[in-house]
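Below are the chains, spelled out letter by letter.
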Amino acid sequence: MTRTNPDSCPGVLRLHQAADGPLARIRLPGGRLEPGQLQVLAEAAAELGDGNIELTSRGNVQLRQVPDAAALSERLAGAGLLPSDTHERVRNIVASPLSGRIGGWADVHALVPPLDTGLRTAPRLAELPGRVLFTLDDGRGDISGLGGDIGVHATGAAEFALVLAGGDSGIRVSAADAVQVMLAAAHAFLDLGSGQWRLREVDDGVPRVIDVLGLSPGPERLEFGAAHDIPIGWLEQDNGLVSLGAAVRLGSMPARIAEFIAAIERPIFITPWRSLVITDLEEWPAEQVVRVLAPMGLIFDANSPWLQVSACAGRPGCAKALTDVRADAAAAVESGRVLPPTDQPAAESNTSGRATGPGPTIELRTADEVAVADRQHWSGCERRCGRPRGQVTDIVATENGYRIG
Ligand code: SF4
């Protein structure tokens with residue numbers, strides 16, 4: 001597959017002209033945010049944007065309705081959130097959020113700074129498409145199934161599987177070599193490609209990259225699946241401290257909540273499931289965080305129906321949208337029409353709209369009639385932007401109402 005046009009992923013220095021105004025995307029390698037950085041983002045959202053920080057499916061954040069890009073970039077650069085003008089859009093690195101604190105074979109967060117530095121200091125790697133995703137999985141299997149391009153998956157305390165185009169390449173590398181091998185694979189992708197946005201789009205991309213690397217795959221292949229059990233609630237760390245996993249409604253965090261989280265003064269990780277993890281808390285402060293922030297709308301309940309629902313931008317943010325899907329999805333949650341999970345496969349519906357097992361795809365005329373169980377993604381058109389991987393029921397706006405399935 002050959003692309004004839006460059007990717008259009010937005011950044012801070014190249015905003016996306018959304019229907020509701022300029023949109024800025026800020027890369028957070030490994031999803032990590034220092035409290036002061038979150039405070040800067042909260043102030044920028046309130047003073048330069050629409051008042052919210054959107055969490056993305058790559059553990060980044062974005063601000064909507066930002067007409068003054070120069071003011072935003074100046075604030076972000078001052079907070080260390082824009083360390084490179086040339087490479088800002090290629091810093092797409094996701095890592096197991098709990099790594100180094102709870103379980104896992106290895107602390108993959110230790111690989112993030114050298115990988116980020118290696119990307120930023122190689123002039124040619126500025127040519128990587130903004131779609132290329134680096135994945136660092138500590139062996140628990142939460143990240144490798146996200147369908148990245150280049151990554152590692154821990155197979156032991158000091159050994160990683162090289163992941164290419166979302167699959168196990170069969171190559172095993174040491175912890176000491178992991179970053180250099182990933183950077184070499186990125187160079188190989190550029191050498192072999194002809195404008196493709198993703199490694200999987202390059203004909204025989206994986207074996208050709210392996211050839212360039214000069215490494216020999218072994219016989220073993222790990223299988224990666226999409227994980228849906230996102231870290232939510234009270235999470236005891238291996239060192240006796242506590243992490244708190246929290247979600248925000250439809251992945252949109254009001255600046256005021258972000259300011260409260262920043263005031264906790266602990267490292268924060270944005271996850272690729274549009275949630276966050278507040279780390280390294282003593283028990284008593286953790287209890288106070290839940291007591292204060294849960295009533296403000298931060299979700300610590302793993303059984304919340306909000307965790308079953310995601311939605312694209314829809315109207316008014318997207319010109320292609322047929323309706324305001326986020327409002328309709330929120331109304332479904334608030335009126336109890338997001339039904340408890342079933343054990344049945346998703347993407348099937350009966351005439352009530354509830355996913356109960358095999359059955360025909362149906363048309364529902366109005367948003368008020370949609371009542372679906374299990375994981376569901378609401379889209380304003382057929383493109384289904386932001387759809388999570390794995391088993392998800394699609395709720396897609398059409399000219400005649402929402403189609404389920
Ligand atoms: S799915 Fe359609 S309406 Fe939604 S953001 Fe994508 S293009 Fe826009």
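Residues numbered from 1 in each chain as written. Predicted model: local features only at pLDDT ≥ 70, side-chain atom pairs only at ≥ 80, totals over all residues. Heavy atoms only, no water.

1. Observations regarding the overall build of the protein chain
Phase 1: Secondary structure summary: the protein chain contains eight helices and 22 strands in total.
Phase 2: Its C-alpha radius of gyration of 21 Å places the protein chain within 12% of the 22 Å reference for a compact globule of 405 residues.
Phase 3: Partitioning the contacts of the protein chain with sequence separation of at least 6, the portion at a separation of at least 24 is 64%.
Phase 4: Of the accessible surface of the protein chain, which amounts to about 16800 Å², a share of 50% is contributed by carbon and sulfur atoms.
Phase 5: Counting 37 positive and 50 negative side-chain charges, the protein chain places the centres of these two groups 5 Å from one another. (Helix = DSSP H or I, 4+ residues; strand = E, 2+ residues; numbered from the N terminus. Rg over C-alpha atoms; globule rule 2.2 N^0.38 Å. Contact = heavy atoms within 4.5 Å. Areas by Shrake-Rupley, 256 points an atom, 1.4 Å probe, with all protein chains shown as cover. Lys, Arg positive; Asp, Glu negative; His and termini not counted. Charge placed at Lys NZ, Arg CZ, Asp CG, Glu CD.)

2. Topic: the packing of aromatic side chains
Any pair of aromatic rings gets described here by the distance separating the centres and the angle formed by the planes.
Phase 1: On inspection of all chains with the given rule, the structure shows one aromatic pair.
Phase 2: Aromatic side chains W378 and Y402 sit 5.1 Å apart centroid to centroid with 70° between the ring planes, which places their arrangement in the edge-to-face category. With W378 in strand 20 (residues 376–379) and Y402 in strand 22 (residues 401–404), this residue pair connects regions lying 24 residues apart in the sequence. Note on accessibility: W378 and Y402 belong to one class, buried. (Phe/Tyr/Trp six-rings, centres within 6.5 Å; stacked < 30°, edge-to-face > 60°. Buried < 20%, exposed > 50% of the residue type's maximum accessible area, 1.4 Å probe, protein only.)

3. Some points on the pairing of strand 20
Phase 1: Here strand 20 shows no split at all, with Q376 and W378 on one side and H377 and S379 on the other all buried.
Phase 2: The pairing of strand 16 (residues 309–311) with strand 20 spans three bridges and is parallel. Among the inter-strand pairings, A311 is bridged to a residue of strand 20, identified as W378.
Phase 3: Sheet topology places strand 20 next to strand 21 (residues 393–398); four bridges connect them, and they run parallel. Following the sheet pairing, Q376 is matched in strand 21 by T393. (Pairing = 2+ DSSP bridges.)

4. Quick look at the nonpolar core
Phase 1: In terms of nonpolar packing, the biggest core is built from 45 residues, with I26, L38, I53, L72, M253, I261 and L276 touching the most fellow members.
Phase 2: Here this core gets seven residues from one element, more than from any other, and that element is helix 1 (residues 35–48).
Phase 3: Setting aside its immediate chain neighbours within four residues, I53 contacts L38, L41, A42, A45, V61, Q62, L63, G251, S252, M253 and A258.
Phase 4: V90, V112, V209 and L213 belong to the second-largest nonpolar core, a separate cluster that totals 38 residues. (Core = buried A, V, L, I, M, F, W, Y, C linked by side-chain atoms within 4.5 Å.)

5. Description of the domain arrangement of the protein chain
Phase 1: As far as domains go, the protein chain holds domain 1 (16–213), domain 2 (233–303) and domain 3 (307–404).
Phase 2: Across the boundary between the two partners, domain 2 contributes eight residues, which contact nine residues of domain 3.
Phase 3: With both chains or domains summed, domain 2 and domain 3 bury close to 590 Å², and 57% of this area falls on carbon and sulfur atoms.
Phase 4: Viewed at the interface, domain 3 and domain 2 are joined by one salt bridge.
Phase 5: Among the ionic pairs, R249 bridges to E334, the shortest N-O distance being 3.5 Å.
Phase 6: In this assembly, domain 2 and domain 3 are joined by two residue pairs in polar contact (both at pLDDT 80 or more).
Phase 7: Looking at side-chain class alone, the side of domain 2 that touches domain 3 contains four nonpolar, one polar and three charged residues. (Domains from an automatic or database assignment. Buried area = accessible area lost by both parts, 1.4 Å probe. Salt bridge = Lys/Arg side-chain N within 4 Å of Asp/Glu carboxyl O. Polar contact = N/O pair within 3.5 Å; in protein donor to acceptor, adjacent residues only side chain to side chain. Nonpolar A, V, L, I, M, F, W, Y, C, P; charged D, E, K, R; others polar.)

6. Looking at the packing of helix 1 against helix 6 (residues 255–263)
Relative placement of two packed helices is described by the angle separating their axes and the distance separating the axes.
Phase 1: The N-to-C vectors of helix 1 and helix 6 enclose an angle of 160°; their axes lie 8 Å apart at closest approach. Judged on the interaxial angle alone, helix 6 and helix 1 are roughly antiparallel. Considering only the axes of helix 1 and helix 6, their crossing is left-handed. The segment helix 1 lies against helix 6, with P35, L38, Q39, A42, E43, A45 and A46 engaging A255, A258, E259, I261 and A262.
Phase 2: In the contact of helix 1 with helix 6, the residues fall into nine nonpolar, one polar and two charged. (Axes fitted to C-alpha atoms, helices over the stretch in contact; angles between N-to-C directions. Parallel < 35°, antiparallel > 145°, perpendicular 65-115°, else oblique. Left-handed = near helix turned anticlockwise from the far one by under 90°.)

7. Brief notes about the environment of D116
Phase 1: By secondary structure assignment, the location of D116 is in helix 3 (residues 112–120).
Phase 2: It is 7.9 Å that separates the C-alpha atoms of D116 and I93, two residues lying 23 residues apart in sequence.
Phase 3: Beyond its immediate chain neighbours, meaning those up to four positions away, D116 contacts P29, R91 and I93.
Phase 4: Of note is the side chain of D116, whose polar atom sits 2.8 Å from the side chain of R91.

8. Quick word on the pattern of salt bridges
Phase 1: Summed over the entire model, instances satisfying the criterion amount to 18 salt bridges.
Phase 2: Taking the shortest distance from any N to any O, the salt bridge between E47 and R75 comes out at 2.8 Å. Residue E47 is found in helix 1, and its partner R75 is found in helix 2 (residues 69–78); the two are separated by 28 residues along the sequence.
Phase 3: You can call E47 exposed: its relative accessible area is 52%.
Phase 4: Residues joined by salt bridges that share partners form a network here, namely E382, R384, R387, D394 and R403.

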